[in-house]
Amino acid sequence: MAKEERLEGSDVVSDLINFLNSSPTAFHAVDEAKKLLKKAGFVQVSKRDNWNLKAGKRYFFTRNYSTIVAFAIGKKYVPGNGCYIIGAHTDSPCLKLKPISKAGIRRLVSKLMEEVCGIHGLIVT
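In this report, we go over the structure that sits alongside the text.

Rules and cut-offs
- Residues numbered from 1 in each chain as written.
- Predicted model: local features only at pLDDT ≥ 70, side-chain atom pairs only at ≥ 80, totals over all residues.
- Heavy atoms only, no water.
- Pairing = 2+ DSSP bridges.
- Helix = DSSP H or I, 4+ residues; strand = E, 2+ residues; numbered from the N terminus.
- Contact = heavy atoms within 4.5 Å.
- Axes fitted to C-alpha atoms, helices over the stretch in contact; angles between N-to-C directions.
- Polar contact = N/O pair within 3.5 Å; in protein donor to acceptor, adjacent residues only side chain to side chain.
- Buried < 20%, exposed > 50% of the residue type's maximum accessible area, 1.4 Å probe, protein only.

Glancing now at the sheet that holds strand β2 (residues 58-63). With mixed pairing, the 3 strands of this open sheet are ordered in space as β1-β2-β3. On the outer flanks of this sheet lie β1 (43-44) and β3 (67-72), each paired with one strand and no other. Of the strand pairs in this sheet, β2 and β3 are connected by 6 bridges, and their pairing is antiparallel. Among the inter-strand pairings, Arg63 is bridged to a residue of β3, identified as Thr67. Sheet contacts for helix α2 (residues 26-39): β1, β2 and β3; angle to β3, the most-contacted strand, approximately 20°.

Turning our attention to the side chain of Ser23. Along the chain, Ser23 falls in the loop between α1 (3-21) and α2. At 2.7 Å, the side chain of Ser23 and the backbone oxygen of Phe19 are in polar contact. Those residues in contact with Ser23, other than ones at most four positions away along the chain, are His28, Ala29 and Glu32.

For Asn64, which is not glycine, the phi torsion reads 55° and is therefore positive. Inspection of the secondary structure puts Asn64 in the loop between β2 and β3. For Asn64, a relative accessible area of 53% corresponds to the exposed category. The backbone of Tyr65 shows a phi angle near 60°, a positive value even though the residue is not glycine. Along the chain, Tyr65 falls in the loop between β2 and β3.

Below is the structure:
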């Protein structure tokens, strides 16, 4: 594995750990996801307003501070085309890590990635 690949992997794990540390509840997870989506160029829309959606753009909305829905419209989208939907729970996997673990760091990170990869969702950056 090249040094750059290791650094990229380290960045992903570090970002994941920071996200989890900032998200002790579903409300925090939605707020953190909202920040990440805005940073990635998503535009927040309100469920109560009429939307003027455009092909090639990305949007999101929240509900009750505990639900977030994000979507992207393909550049070649025309009404009638199909779509893909990916969902995730903000209350799951609700990871709790022991402050002092008998597992080594590699095993701990491996377990963490297994748990996170098991959720049904994807964050696009």
